[in-house]
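Residue-level structure breakdown
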Amino acid sequence: MASNVNPTVRRRRLGQELRRLRELKGMTAEEVAERLLVSQSKISRLENGRRSISQRDVRDLCGVYEVEDQRIVDSLMQMAKDSRQQGWWHAFGDIPYSVYIGLETDAESLRVYEPQIITGLLQTRAYAEAIIRGGSPEASEADNDKRVEVRLRRQGRITADTDPLRLWVVLDEASLHRIVGSRPVMREQLEHLIEMSQLPHITVQVLPFEVGAHAGINGQYSILEFADAADSSVVYIEGVTSDLYLEKPLDVQKYTVMYEHLRAQSLNVDQSRQLIERVAKEYAR
């Protein structure tokens, strides 16, 4: 499912290399911005991969950093060219979390904590439609339909025949009891969740109500990890108007430790499946 040229990942790698060159030169982002007569925020966005990088940007930055090896310049220029290509998700127009989709498409593993709903990669169409329409009441029907199709397309990462995404999900028990759509929709959703949880690369655990206060009490987050050592892990926190991406090692480590606490406090895999089955049967009555 992952593309050979993922523009999001290319931007991240290029940004990391540009930051490395700046630091080798002993310059701050403010100093580089002053030399190029641009804003400091532009330099920061280029380095964190959140902004498209043009070949002209690369040329100008290599000039400031006095990069003499033409092979390095050519390699960075090619990365800039690749980073401006479009991923499959761009065909759907303006998707608010397109950066995340690009990362997810190239990730090797994903750990998710969801306190309110079933995570998107494990949603049925009917459940996804109800979630998206309920969460975006002011959006047009066409926009909501587009977002549903994108969500279902993303699920190809966990159903791929080769190198599927390794997925570990911790669901708060509340997500099983919150009636999204209708009771039949919930029954179908939980039966689908049980089926998917039996795949060898998917692990689902439920954090029961009786745990009380826990490490994930502040809300949903995901941790993405990549096969290439050059790509640092990313913590993703979804927001209403903007999303947060944390890549500093200390931040990633903190959220990783929090996730291990959540896993330890959750029911084990078999107990979780049994609980999901009991709730699904209640919806069937």
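Parameters at a glance
Residues numbered from 1 in each chain as written. Predicted model: local features only at pLDDT ≥ 70, side-chain atom pairs only at ≥ 80, totals over all residues. Heavy atoms only, no water. Core = buried A, V, L, I, M, F, W, Y, C linked by side-chain atoms within 4.5 Å. Buried < 20%, exposed > 50% of the residue type's maximum accessible area, 1.4 Å probe, protein only. Helix = DSSP H or I, 4+ residues; strand = E, 2+ residues; numbered from the N terminus. Contact = heavy atoms within 4.5 Å. 1 Å grid on protein atoms, 1.4 Å probe; cavity = no way out; pocket = protein on both sides within 12 Å on 5 of 7 lines; lining within 4 Å. Points joined across faces, edges and corners; volume = space filled by probe spheres on them. Nonpolar A, V, L, I, M, F, W, Y, C, P; charged D, E, K, R; others polar. Polar contact = N/O pair within 3.5 Å; in protein donor to acceptor, adjacent residues only side chain to side chain. Pairing = 2+ DSSP bridges. Axes fitted to C-alpha atoms, helices over the stretch in contact; angles between N-to-C directions.

**Focus: the nonpolar core**
The tendency in soluble globular proteins is for nonpolar side chains to be buried side by side. Formed by 42 residues in total, the largest nonpolar core has its most connected members in Leu122, Leu167, Leu176, Leu190, Leu193 and Leu224. When residues of this core are traced back to their parent elements, those giving at least two are α6 (98–106), β1 (109–114), α7 (125–135), β2 (166–172), α11 (183–197), β3 (202–207), β5 (234–237) and α13 (269–284). The dominant element in this core, judged by the number of residues it contributes, is α11, at six residues. Aside from chain neighbours lying at most four places away, what touches Leu122 is Gln155, Ile158, Leu167, Val169, Gln189, His192, Leu193, Met196, Ile202 and Val204. By size, the runner-up hydrophobic cluster in this structure holds 20 residues, among which are Leu18, Leu21, Val32 and Tyr65.

**A word on unusual backbone geometry**
Despite not being glycine, Glu66 has its phi angle at roughly 55°, a positive value. Within the element layout of this structure, Glu66 appears in the loop between α4 (55–64) and α5 (70–83). The residue Asp163 is not glycine, and still its phi comes out positive at about 50°. Structurally, Asp163 is set in the loop between α9 (156–159) and β2.

**Digging into the environment of Leu21**
With respect to the helices and strands, the residue Leu21 is situated in helix α1 (residues 7–25). What makes Leu21 buried here is its relative accessible area of 9%. Separated by 38 residues in the primary sequence, Leu21 and Arg59 place their C-alpha atoms 13 Å from one another. Excluding anything up to four places from it in sequence, Leu21 contacts Tyr65, Val67 and Leu76.

**Observations concerning the layout of surface pockets**
Gaps left between atoms are located by rolling a probe of water-molecule size over the structure's atoms. If you add up the space inside the largest pocket, you get close to 840 Å³. The wall of the largest pocket is formed by 31 residues, among which Tyr97, Arg147, Arg151, Glu238 and Gly239 lie closest to the centre. Of all elements in the fold, only α6, β1, α7 and α8 (141–154) reach the threshold of two or more residues within the lining of the largest pocket. Residue contributions to the lining of the largest pocket peak at four residues, all from α7. Here the lining of the largest pocket is composed, by residue class, of 12 nonpolar, 12 polar and seven charged. Here the second largest pocket defines a volume of roughly 350 Å³. Around the second largest pocket, the lining comprises 13 residues; the ones closest to its centre are Arg19, Glu47, Asn48, Glu247 and Lys248. Secondary structure elements with two or more residues in the lining of the second largest pocket: α1, α3 (40–47) and β6 (244–246). For the lining of the second largest pocket, the element with the most residues is α1, which contributes three residues. Looking at the lining of the second largest pocket residue by residue, the classes come out as two nonpolar, four polar and seven charged.

**Some points on the side chain of Ser266**
As for its position among the elements, Ser266 is in the loop between α12 (249–265) and α13. Of the polar contacts made by the side chain of Ser266, one reaches the backbone oxygen of Leu262; its length is 2.7 Å. Ignoring any residue separated from it by four or fewer positions in sequence, one finds Ser266 in contact with Val170, Gln205, Val206, Leu207 and Pro208.

**Quick notes on the sheet that holds β6**
Judged by pairing direction, the sheet is mixed, and its six strands sit side by side in the order β3-β2-β1-β4-β5-β6 without closing on themselves. The strands lining the two open edges of the sheet, one partner per strand, are β3 and β6. Taking the axes of each pair of neighbouring strands and ignoring which way they run, one obtains an average angle of 15° across the sheet. Where β2 and β3 come together, six bridges link them in parallel fashion.

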